[in-house]
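Structural description and commentary
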Amino acid sequence: MSGAVVTRVNGPVVELSAGEGLAMRDLVFVGPEQLPGEVIALEATRAIVQIYEYTGGLRPGDRVHGSGGPLTVELGPGLLGGVFDGVLRPLHSVGPHIERGGASRTLSEERNWRFVPTIGIGDLVTSGSKLGTLPESAAIDHHVLVPIGVEGRVEWIVPEGDYHVGDVVARVGGHELGLSQRWPVHRPRPVSARLPPAEPLVTGQRVLDLLFPVARGSTAAIPGGFGTGKTVALQQIAKWCDAAVIVYVGCGERGNELADVLQEFEALKDPRTGQSLLDRTVLIANTSNMPVMAREASVYTGVAVAEYYRDMGHDAVVIADSTSRWAEALRELASRTGELPAEEGYPAGLSSALANFYERAGRVRTLDGAIASVTVLGAVSPPGGDLTEPVTSHTRRFVRAVWSLDRDLAYARHYPAVSWRDSSARDSDGLATWQAEHGDPGWGERRTQTLRLLTDADRVESIAQLVGADSLPASERLTLRVARLLREGVLQQSAVLPGDEYTTPAKQRALLELVLEVHARMQALLEGGTPIARLDAFDLSPVVSARFETTPEGAAEVNQIATELIGALDSLEGRR
Amino acid sequence: MSSQAPIEYRAIGSIRGPLIVVQDVDGVGWDEVAEIRLSTGELRHGTVLDVDRDLAVVEVLEGTAGMRLDSARVAFSGSPMQVPVGEGWLGRACNGRGEPIDGGPPITGGERRPVAGTPINPAQRAAPNEAILTGVSAIDGLATLVRGQKLPVFSVGGLPHLELAAQIAAQAHVAGEPFAIVFAALGLPHADVHSVRSVLERRAQLGDLALFINTADDPVVERIVTPRVALTVAEHLAFERGRHVLVVIADLTNYCEAVRQVSAARGEIPSRRGYPGYLYSDLASLLERAGRIKGLPGSLTQLPVLTMPAGDITHPVPDVTGYITEGQLVLSPELYARGISPPLDALGSLSRLMRHGAGPGLTREDHLEISAQLYGIAARARQAADLAEVVGEDALSDADRSYLRARTTFEREFLTQSFGEARSVEQTLDRAWAVASLLAPEELSMISPPTLEARYRPASRDGAPDPTR
Ligand SMILES: Nc1ncnc2c1ncn2[C@@H]1O[C@H](COP(=O)(O)OP(=O)(O)OP(=O)(O)O)[C@@H](O)[C@H]1O
Ligand SMILES: [Mg+2]
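Residues numbered from 1 in each chain as written. Chains lettered and ligands numbered in written order. Predicted model: local features only at pLDDT ≥ 70, side-chain atom pairs only at ≥ 80, totals over all residues. Heavy atoms only, no water.

1. Some thoughts on unusual backbone geometry
As a reminder of what qualifies: Numbering of helices and strands runs from the N terminus; a helix is a DSSP stretch of H or I covering at least four residues, while a strand is a stretch of E covering at least two. Using a 1.4 Å probe on the protein chains alone, a residue whose accessible area is under 20% of its type maximum counts as buried, one over 50% counts as exposed, and one in between counts as partly exposed.
The peptide bond linking Asp321(A) to Ser322(A) adopts the cis configuration, its omega dihedral lying at 10°. Inspection of the secondary structure assignment puts Ser322(A) in the loop between β22 (315–321) and α5 (323–336). Cis rather than trans, the peptide bond between Ala250(B) and Asp251(B) has omega equal to 10°. Of note, Asp251(B) is situated in the loop between β17 (244–250) and α5 (252–265). The backbone of Gln34(A) sits at a positive phi, close to 55°, despite the residue not being glycine. Here Gln34(A) is to be found in the loop between β3 (26–30) and β4 (35–42). Overall, the relative accessible area of 37% leaves Gln34(A) in the partly exposed class. Despite not being glycine, Ala310(B) has its phi angle at roughly 55°, a positive value. Note on placement: Ala310(B) falls in the loop between β19 (299–307) and α7 (316–324).

Okay, structure coming up:
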């Protein structure tokens, strides 16, 4: 590979003279500043490389050095709470502007970790089994695992003590092992078995958990035009969902949003552990003005990090905002390498690239025997809000849940603007069974009933717009009113009101039951002859404010409100 | 530009659109600046778009008209394009490449910076906060501009967006801290440039305005460089000189068309409506230069103005912009036709960062509540108006009718404002209350009881209160 030189520079795409000695996906360093890049095409005498940095000044004749292997990242303690670029270079230790060519190490070499070995000399260990444990953050125990490809007898292992990531802590089958290991991001980390999804991932967002739930280890996409609320929804999930580790990949999006995430996550406490939310979060930032090619790597880097924590037995969630920007990076690359475009300029490999990405989600039995998961949630930003465009339509085929955001709802400031018409959740039947087995046999029926009510109301609404609400039959007017109650009292959820930011499953259930109960009672009253005007005059505003005037855990408070309100409704009947 | 005399190349293989292919080059780097000397002695400038062994494709900023294959000499500078930075730009008017058009001497400075900029490290960004006040009620009141934000104006040909942009550039201020305006005109007709300049005259004299002007008849490729030059100057003023800088760019649609034209000349595969697939990344490389940086006093805020072709918000230019910016201010032809100016469509407009710049301790304690309420009123009034179209206004409920009345006052007393009038936040919010006070207090659900107590001033029986009282 020595002797390879640059022959052509076309933006981030660079051609090299000699392909010999290089392998596809190999990492190379190009030019005097050693700009990192990845081999993306190989011919006998020519290699094409995508460079992860601005290539200004790079010229034919510049030298190239190979790393001798694919793009790998360093995985180990110290990822949590950190901010990294698309190839896992730490951003905290860099100045206000990102100069190119910096090759800093992912993990701090100075930090001390209290390592407690869990195996002894002479034990037989295999890839992925546990060597020992260290407390990476107050919330997360970091298990140091035998790297993939290593197995054998433990020849020696350090005693409990403080160690750096660079220290050798054990020797297994002739390999010296440290606290960290490297992994090629494009390769899924092996597991012992893939398991079907079973338990819900509780997001704390009512419209999702009640109507369009996602299971741990499953996948969901959130398509929506600009400003419809994708980022806010994903950030809310990152803050409040009940996973152990969150990997948040800001892929081709705004720098200010990342500043916001950093600032807020640092200040907020995880309601389950009482620790700072940043302590369970790894941030990967490749903002829209950072080099486009590193966007391509960033989503894989994110999944690799999540798989690493999964292999320790944790439930991890990868959030990618936005997968469309990643797909655009693929498109730009394809067009610069002269690949024939398929739809709208995207390469024909788009759908398989999307499939491969989402397929890295899963609930698994790890090599170490634990049950753990990686859930993948991706934003999709369709041009012109057109949901038939290639990235959206392919993504829909590969994900289990689609949370489609509706421009009209967002315009009416109905947030989260999740459309009940265009969204779907393929895990819902399985999760209804899980709920039934875990104390809530009515879960599935409530979901069905709610969706039906919303669709009925849409139909009635369109009639009302023609004839005026006053000319509708009483039962349909009631449908409209209850649907509005459902929207305002249950589905809408503010990201900024403290009581409303997240809701526990018990409170979610209490709120929904309250609305459905009001509907049932009012229907009965109507049928029993109570005039609709009497019902119209009945004040339902406590139902609307219950969501934010109680605490996020306030199921009992909501039930209290329900008891009073239903009591008042029943007395209507008495006074008829 | 370089210290040693650079090599001059004479072999131009082809000329197509703004691109020339220079042959037999040696050691030329990507994105390097080139100087092209024509046989007439005229000097043009270019940048290297692609370099393949001994061929360099150069994009000529001033265009290739009049160039011949055999008579131009091309020299490469050895580095990507740079401009001098410093306070010397303030009070000056320049063309789109930064050459003075005000009769003054060229702007030189001790320091030069690459116009491509260097991305701000997201981990070192400070989240935007605090407002830039524009003196325009529709903006300050409803969609407050926050320091470090990028907030575009989406307009349509024929609406007064340029007047609005000039008014904002003339009036914008931050209380008591160093401030500057950088105004980049892209592809504007001479008449428009003239009127913008006359509105900004005073600001230029005060020395806190830098003006970059690429007119409609200036070279198209130059239009791609102009915002980069302007932003490089602005970044220096913001992050190295501690000023709060507001960059106003008009018209971004002309910029995008220039990008499309160059892309076509390069024979690239188009994506939507002929625009290249990298339009998003290209625009982001401009707009993401807004922000604040931890530990540094200044800020860079951007207010790009664009016209939506055929008024279509799903057109790639507004669409891609909306995906990058933090909200949008939408102007409505329908409102303008009814005589409302500036014709801000309240429901379509949003400043996503508003709560970081307005409210208690920032503008006024009731600001967020009253602005949310005005949005609520606008939404409800729209429903009432839709209903009125079907059943007639007489059939509306009393509440619906009061919303229609409030909307009229909202449009006439709150939105309507002349281009020479600067309103304080106090005045703006008092006008907002005059609108809200037309409704019964129980309709004002977005306002807390103490705020309502303090600010609600119901109308007297015989008409609306005088908002200027
Ligand atoms: N749950 C919510 N509560 C309150 N406000 C919300 C909520 N969801 C969205 N919003 C409002 O909508 C704005 C836009 O939301 P967001 O940034 O998530 O949009 P987006 O879909 O990610 O847009 P883009 O594609 O441009 O990134 C927010 O700034 C906020 O004002
Ligand atoms: Mg977003």
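There is more to say, and it comes next.
2. Some details on the interface of chain A and chain B
Defined as follows: By definition in these notes, contact holds between two residues if any of their heavy atoms fall within 4.5 Å. By buried area we mean how much accessible surface two parts lose on assembly, using a 1.4 Å probe and totalling the loss over both. The term salt bridge refers to a side-chain nitrogen of Lys or Arg lying within 4 Å of a carboxyl oxygen of Asp or Glu. Polar contact criterion, stated in full: a pair of N or O atoms within 3.5 Å, where within protein one must be able to donate a hydrogen and the other to accept it, and residues adjacent in sequence count only if both atoms are side-chain atoms. Under the convention adopted here, Pro, Cys and the residues Ala, Val, Leu, Ile, Met, Phe, Trp and Tyr are nonpolar, Asp, Glu, Lys and Arg are charged, and Gly plus all remaining residues are polar. Should DSSP find at least two bridges between two strands, the strands are taken to pair.
Each side of the interface is counted separately: chain A has 67 residues, and chain B has 64 residues. Both faces combined, the contact of chain A with chain B buries some 5,200 Å², and carbon together with sulfur accounts for 52% of it. Counting across the chain A and chain B interface gives 6 salt bridges. Linking chain A with chain B are 36 residue pairs in polar contact (both at pLDDT 80 or more), by the criterion used here. Taken together, the elements giving at least two residues each to the side of chain A that touches chain B come down to β1 (6–10), α3 (255–267), α5 and α10 (443–467) of chain A. The element that contributes the greatest number of residues to the side of chain A that touches chain B is α3(A), accounting for 9 residues. Across the side of chain A that touches chain B, the residue classes tally to 23 nonpolar, 24 polar and 20 charged. Direction of pairing for β1(A) relative to strand β5 (residues 43–52) of chain B: antiparallel, over a ladder of 2 bridges.

3. As for the pairing of strand β21 (residues 281–286) of chain A
Residue and element names in this part refer to chain A. Counting buried positions along β21 gives 6 out of 6 residues, so the element sits mostly inside the fold. In β21, alternate side chains face the same way, and those of Thr-281, Leu-283 and Ala-285 on one face and Val-282, Ile-284 and Asn-286 on the other are all buried. Sheet analysis places strand β8 (residues 83–84) next to β21, joined by 2 bridges and oriented parallel. Paired with Phe-84 across the strands is Ile-284, a residue of β21. Sheet topology note: the strand β20 (residues 245–251)/β21 ladder contains 6 bridges and is parallel. What sits directly across from Val-247, in β21, is Val-282.

4. Topic: the nonpolar core
Operational definition: By nonpolar core we mean a set of buried residues, namely Ala, Val, Leu, Ile, Met, Phe, Trp, Tyr and Cys, connected to one another through side-chain atoms within 4.5 Å. Domain start and stop points were drawn from an automatic or database domain assignment.
Grouped together as the largest cluster of nonpolar side chains are 124 residues, with contacts concentrated most on Val182(B), Phe183(B), Phe212(B), Leu246(B), Tyr255(B), Leu283(B) and Leu303(B). Here this core spans two domains, and each of domain 2 (83–357) and domain 3 (370–419 + 430–455) of chain B adds at least three residues to it. If you look at the next biggest cluster of nonpolar residues, it comprises 78 residues, including Leu27(A), Leu177(A), Ala221(A) and Ala297(A).

5. Let's talk about α10(A)
Residues and elements named next belong to chain A. Put simply, the test is: Any helix carries an expected span of 1.5 Å times its number of residues minus one.
Across its 25 residues, α10 extends 36 Å between first and last C-alpha, which sits within 8% of the 36 Å expected from 1.5 Å per residue. Three or more residues of α10 are buried, namely Trp-443, Arg-446, Arg-447, Thr-450, Leu-451, Leu-453, Leu-454, Ala-457, Val-460 and Ala-464. Buried-residue contacts for α10 involve α1 (206–211), β26 (424–425), α9 (428–437), α11 (474–491) and α12 (505–527). Remark: Gly-468 follows α10 within two positions and exhibits a positive phi of approximately 85°.

6. Details of the site of ligand 1
Stated formally: Residues are counted as near a molecule or strand when any one of their heavy atoms sits within 4 Å of it. Every accessible area reported is derived by Shrake-Rupley at a probe size of 1.4 Å, with residue values counting cover from the shown protein chains alone.
Gly227(A), Lys230(A), Thr231(A), Val232(A) and Arg254(A) are the nearest of the 18 residues found near ligand 1. In this structure, ligand 1 sits where chains A and B come together, each supplying nearby residues. Measuring from an oxygen atom of ligand 1, one finds a backbone N or O atom of Gly229(A) at 2.9 Å. Contact between ligand 1 and Val232(A): an oxygen atom at 2.7 Å from a main-chain N or O atom of the residue. Protein chains bury 89% of the 630 Å² of accessible surface belonging to ligand 1 in isolation. Mapped by element, the contributors of at least two residues to the shell around ligand 1 are α2 (230–240) of chain A together with α7 of chain B. If you tally residues by element for the shell around ligand 1, the top one is α2(A), at 3 residues. For the shell around ligand 1, the class distribution of residues is 6 nonpolar, 8 polar and 4 charged.

7. Points about the sheet that holds strand β14 (residues 153–155) of chain B
All names here are of chain B. Note the following rule: All axes here are fitted lines through C-alpha atoms, helices being fitted over the stretch that makes contact, and every angle between N-to-C directions spans 0 to 180 degrees.
Read from one edge of the open sheet, 8 strands run β9-β16-β15-β17-β19-β14-β20-β21, paired in mixed fashion. Of all strands in the sheet, those with a lone pairing partner are β9 (93–95) and β21 (350–351), marking the two edges. Here strand β20 (residues 327–330) pairs with β21 via 2 bridges, running antiparallel. Note that in β21 the partner of Gln-328 across the bridge is Leu-350. Set on the sheet, helix α3 (residues 190–206) makes contact with β9, β15 (179–188) and β16 (209–215); between it and β16 the angle comes to about 175°.

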